[in-house]
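Fold and contact review
Now for the letters of each chain:
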Amino acid sequence: MEKLVIRGGRPLSGTVSISGAKNAAVAILPAALMAHGPSVIENLPDIEDVHLLADIFTRMGAHVEFEGESMRVDPNGMVNPRADFSQVSRLRASYYLLGAMLGRFGHAEVALPGGCDIGLRPIDLHIKGMEALGAVTRKEGGILYASAPNGLRGADIYLDFASVGATINIMLAAAQAEGLTEISNAAKEPHVVDVANFLNCLGASVKGAGTDVIRIRGSKHLSGRSYAIIPDQIEAGTYMIAAAAAGGDVVIRNVIPTHLEAVTAKLMEMGFQVTEGDNGSEFFMRVVSDGKRPRSVNIKTLPYPGFPTDLQQPIMSLLARGRGTSEVVENIFEDRYKQVPNLCRMGADISVNGRVATVKGTEELSGCPVAATDLRAGAALVIAGLMARGTTTIDHVEYIDRGYAHIEAKLRSLGADIERLP
Ligand code: UD1
C-alpha cells in the first residue's frame, strides 16, 4: 500500500492536461466487446479501473493491446461471457458487462459490482431494464445471472431515477436488441452522450442522448471502430478546485468547458477568477486564485447539468476555509461524506446531519496522517493537503489511483510538494 505525502502551502502554477473520462472509458470498453471486429479506444486514462477491465477482457478470451493512451480490443476470440468474480467485484462499472454480454451472447454472469462505498448503490433499475428487454435474471452467491434465450426485444422503459449506470447499461443491451427501445427519464451526463456516439459509430442508432428521452434501434451487426473518448470533467473540476484552494494561476488543458459550468459558477461565486479559452487545437480553463479564504457558498448535488456529486467531496475541502458557513446537500448518494472525519482531523469544522453537511470555515487546516476511504474522498484529502500548513500523509492511495491518472506527477508539475512513498 502506498502513501502520498504532501507538504502544503505552495501555490500552483503552470499547465495541466486532463486525461480521458474514467466514467466514459469504463462503459465504452465493454461496448467494444459487442462489435464483430476490433476497435481502438483512444484517449484512455491510465487508471486502475481501465487496467482491471483489460484483465477481465483477456480472461474472457478477448485480445487486448495497449499503445500509449489507446487500447485495441479484439473481441473475436471471446467465447466466455462470464466475468471473473474476484476482479469484477472490485469494479463498480462491472455492471456494464451485463448489458454488453447479454446482447452479444444471450446470457451473462457478472459478479455484483464493487467500487466505492458511498451508499447502498443498488442496481435494481439496471435489472428492471434488462427484464423489460426480455431477459430473465436471478442473483445467487453474489453473482447476477441473466439470460435471454429468445433474444432481446426493444421496449419502453421509464427510469424512476435518472441513473447514469442504468441508462448506459440499457443503451448497451438495446443496441443489440431487435426493434426500438425508448428510455424515459434518462440520465444526461456527458459520458451518456459519449457512449451513444460510440454505439452509433459501431452501427447502432441511438438518438436523443443528452436529453431525458433516448431512442435506440438495435443491430446485430455492430462493427469495430476507432473512437477517442471525451476528457474527464471530474478530473478537470478537481484540478480547478485544487488551483483555487492552493492559490496560483493554473491552465487546465483538454477540457470541454460546457461540461464544467456548474463548478465554474461555484468557483466564481466563491471569488475566484475562472476563464475559458481556445488555443486553436483545444479548449482550456484558467483558474487564478490569491490563495486567500474564499466566500462560503451553498452546494446541492444534482444530476447533470447540476453540480456533480463526484465534486462534492473535493469542493468541501475548499469550503472548509470559507469566510463563513456553507451548507452542502448531497442528493445523489446517501453516504458520501466519508471525507468529513479526516477533514475534521485536519482542523475543519464540519457536521453532518443525514444528507446535509454544515461547513463552518476555519482560518487554516493543518497537515496530519489521514486515509482515503473512497476515490473522491481521496481527492478531497489531496486538496486539503495542498492548502494545509505542514505535512499531510494520505494512506490508501489505491482509491485515488482508481480514477486519477498520475496525480502526484501532474500536481508536482504545477509546483506542489507531493511524493508517493511505498
Ligand atoms: C455513476 C458514476 C459515478 C457518479 C454517479 C452519479 C460511473 C461508473 N460512475 O455512478 O461516478 O457519482 O454516476 O453521477 O459512471 N440507483 C438506484 N438503483 C439503480 C441505480 C442507481 O437506486 O439501479 C440510485 C443510486 O443508489 C444512487 C443514484 O441512483 O443513489 C444515482 O446512481 P447512478 O446515477 O446510477 O450512479 P452510478 O451509475 O452508480
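So, how was this worked out
Along each chain, residue indices are assigned from 1 in the same order as the chain's sequence is written. Selection of residues for local features in this predicted model requires a pLDDT of at least 70, selection of side-chain atom pairs for listing and counting requires 80 or more, and totals for whole chains, interfaces and linings are taken over all residues. The side-chain quantities take in all heavy atoms of the structure and omit both hydrogens and water. Put simply, DSSP H or I for four residues or longer makes a helix, DSSP E for two residues or longer makes a strand, and each gets a number counted from the N terminus. Each radius of gyration reported is based on C-alpha atoms, and the globular scaling rule is 2.2 Å times the count of residues to the power 0.38. Whether a residue is buried, partly exposed or exposed follows from its accessible area with a 1.4 Å probe, protein chains only, as a fraction of its type maximum: under 20%, in between, or over 50%, in that order. Contacts between residues were defined by any pair of non-hydrogen atoms, one from each residue, lying within 4.5 Å. Computed by Shrake-Rupley with a 1.4 Å probe, the accessible areas treat only the displayed protein chains as cover when residues are assessed. Charge counting treats Lys and Arg as positive and Asp and Glu as negative, with His and both chain ends excluded. A single reference atom marks each charge: NZ on Lys, CZ on Arg, CG on Asp, CD on Glu. Any two strands between which DSSP finds at least two bridges are classified as paired. Geometry is summarised by axes, namely lines fitted to C-alpha atoms with helices restricted to the contacting stretch, and by angles between N-to-C directions that run from 0 to 180 degrees. Nonpolar core, defined: a set of buried Ala, Val, Leu, Ile, Met, Phe, Trp, Tyr and Cys residues in which side-chain atoms within 4.5 Å join the residues together. Being near a molecule or strand, for a residue, comes down to having at least one heavy atom within 4 Å of it. Polar contacts here mean pairs of N or O atoms no more than 3.5 Å apart (in protein, one a potential hydrogen donor and the other a potential acceptor; neighbouring residues in sequence count only if both atoms are side-chain atoms). Side-chain classes are defined by residue name, with Ala, Val, Leu, Ile, Met, Phe, Trp, Tyr, Cys and Pro counting as nonpolar, Asp, Glu, Lys and Arg as charged, and the others, Gly among them, as polar. Here the limits of each domain have been adopted from an automatic or database domain assignment. Once two parts are joined, some of their accessible surface, as seen by a 1.4 Å probe, is lost; buried area is that loss totalled over both. Put simply, a salt bridge is a Lys or Arg side-chain nitrogen that is within 4 Å of an Asp or Glu carboxyl oxygen. Each angle is binned into one of four classes, with values under 35 degrees roughly parallel, values over 145 roughly antiparallel, values of 65 to 115 roughly perpendicular, and all other values oblique. For any pair of crossing helices, the crossing counts as left-handed if the nearer helix is rotated counterclockwise from the farther one by less than a right angle, and right-handed if it is rotated clockwise.

Focus on the overall build of the protein
When its secondary structure is counted, the protein shows 14 helices and 23 strands. The C-alpha atoms of the protein give a radius of gyration of 21 Å, which matches the 22 Å a tight globule of 422 residues would have. Along the first, second and third principal axes, the C-alpha set of the protein runs to 65 × 45 × 40 Å. The buried share of the protein, taken over its 422 residues, is 57%. In the protein, 74% of the contacts between residues at least 6 apart in sequence involve partners at least 24 apart. Accessible surface computed for the protein: about 15,900 Å², of which carbon and sulfur atoms make up 48%. Separation between the mean location of the 41 positive side-chain charges and that of the 47 negative ones in the protein comes to 2 Å.

A short note on the sheet that holds strand 22 (residues 391–395)
Ordered by their spatial adjacency, four strands build an open sheet running 21-22-1-23, and the pairing between neighbours is mixed. Both edges of this open sheet fall to strand 21 (369–371) and strand 23 (417–421), since each of them pairs with a single strand only. Between one strand axis and the next, the sheet turns through 20° on average, direction left out of account. By the bridge criterion, four bridges tie strand 1 (residues 3–7) to strand 22 in an arrangement that is antiparallel. Following the sheet pairing, Arg-7 is matched in strand 22 by Thr-391. In the packing of helix 12 (residues 375–387) onto the sheet, the strands contacted are strand 1, strand 21 and strand 22, and the crossing angle to strand 1 comes to about 30°.

Section: helix 10 (residues 309–319)
Of all 11 residues making up helix 10, 11 are buried, and the element is well covered by its neighbours. Turning to helix 10, its buried residues number three or more, namely Thr-309, Asp-310, Leu-311, Gln-312, Gln-313, Pro-314, Ile-315, Met-316, Ser-317, Leu-318 and Leu-319.

Comments concerning unusual backbone geometry
The phi torsion of most residues other than glycine is negative, and most of the peptide bonds are trans. At the junction of Tyr-304 and Pro-305, the peptide bond is cis and its omega measures out at 10° in the coordinates. You will see that Asn-43, though not glycine, has its phi angle at about 60°, which is positive. Structurally, Asn-43 can be placed in the loop between strand 3 (39–42) and helix 2 (48–59). The phi angle at His-406 is positive, at roughly 50°, despite the residue not being glycine. Structurally, the position occupied by His-406 is in the loop between helix 13 (397–401) and helix 14 (407–413).

Let's talk about the nonpolar core
Ranked by size, the top nonpolar core spans 81 residues in total, and within it Leu-29, Phe-57, Met-171, Leu-172 and Leu-199 carry the most contacts. Ranked by the residues each element gives to this core, the list is headed by helix 1 (residues 22–32), at eight residues. Apart from the residues within four sequence positions on either side, Phe-57 is in contact with Leu-29, Pro-30, Leu-33, Ala-62, Val-64, Val-73 and Leu-97. Counting 67 residues, the second-largest nonpolar core is a separate cluster that includes Val-16, Ile-241, Ala-262 and Ala-416.

Looking at the site of the ligand
Taken together, 20 residues form the shell around the ligand, and within it Tyr-95, Leu-125, Ser-163, Asp-310 and Ile-332 come nearest. Within the side chain of Asn-23, an N or O atom sits 3.1 Å from an oxygen atom of the ligand. A distance of 2.6 Å separates an oxygen atom of the ligand from a polar atom in the side chain of Ser-163. In isolation the ligand exposes 740 Å². Once the protein is present, 90% of that is buried. Elements with a minimum of two residues in the shell around the ligand: helix 1, helix 5 (124–132), helix 6 (164–174) and helix 10. Looking at the shell around the ligand, the element that brings in the most residues is helix 5, giving three residues. Class assignment for the residues of the shell around the ligand results in nine nonpolar, six polar and five charged.

Here we look at the environment of Asn-43
Its relative accessible area of 18% is what places Asn-43 among the buried residues. Ignoring sequence-local partners within four residues, the contact set of Asn-43 consists of Gly-20, Glu-69, Ile-229, Ile-230, Pro-231 and Asn-254. Here Ile-229 takes part through its backbone oxygen, which lies 2.8 Å from a polar atom of the side chain of Asn-43.

Quick word on the sheet that holds strand 19 (residues 349–353)
Ordered by their spatial adjacency, four strands build an open sheet running 17-18-20-19, and the pairing between neighbours is mixed. Across the chains shown, the open sheet's two edge strands, defined by having one partner strand only, are strand 17 (299–300) and strand 19. The sheet strands contacting helix 10 are strand 17, strand 18 (325–329), strand 19 and strand 20 (356–360), and the helix crosses strand 18 at an angle near 170°.

So, the domain arrangement of the protein
Domain assignment breaks the protein into domain 1 (3–19 + 231–421) and domain 2 (22–228). Just the C-alpha atoms count here: the centres of domain 1 and domain 2 sit 30 Å apart. Between domain 1 and domain 2, a total of about 1,900 Å² is buried, with carbon and sulfur atoms accounting for 55% of that surface. Per-residue buried area on domain 1 facing domain 2 is highest for Tyr-304, Phe-333 and Arg-402; these three make up 32% of the total on that side. The salt bridge partner of Arg-402 is Asp-49, with a shortest N-O separation of 3.1 Å. Our count for the domain 1 to domain 2 interface comes out at five residue pairs in polar contact (both at pLDDT 80 or more).

Some words on the packing of helix 1 against helix 7 (residues 190–202)
A pair of packed helices can be characterised by two numbers: the angle between their axes and the separation between those axes. At a minimum axis separation of 9 Å, helix 1 and helix 7 run at an interaxial angle of 25°. The orientation of helix 1 relative to helix 7 falls into the category roughly parallel. The hand of the helix 1/helix 7 crossing is right-handed. Across from Asn-23, Ala-24, Ala-27, Ile-28, Ala-31 and Ala-32 in helix 1, the residues of helix 7 making contact are His-191, Asp-194, Val-195, Phe-198, Leu-199 and Leu-202.

Some points on the packing of helix 8 (residues 233–246) against helix 12
The contact between helix 8 and helix 12 brings their axes to 8 Å, and the two run at 20°. In terms of orientation, helix 8 lies roughly parallel with respect to helix 12. Considering the relative orientation of helix 8 and helix 12, their crossing is right-handed. Taken together, the residues of helix 12 that come into contact with helix 8 (itself represented by Ile-234, Thr-238, Ile-241, Ala-242, Ala-245 and Ala-246) are Arg-376, Ala-379, Ile-383, Leu-386 and Met-387. Class assignment for the residues of the contact of helix 8 with helix 12 results in nine nonpolar, one polar and one charged.

A word on the pairing of strand 8 (residues 143–147)
As a general feature of sheets, a regular strand has side chains that alternate between the two faces. Relative to strand 8, strand 6 (residues 107–111) runs antiparallel, the two being bridged by five bridges. Each bridged residue has a counterpart across the sheet, and for Val-110 the counterpart in strand 8 is Leu-144.

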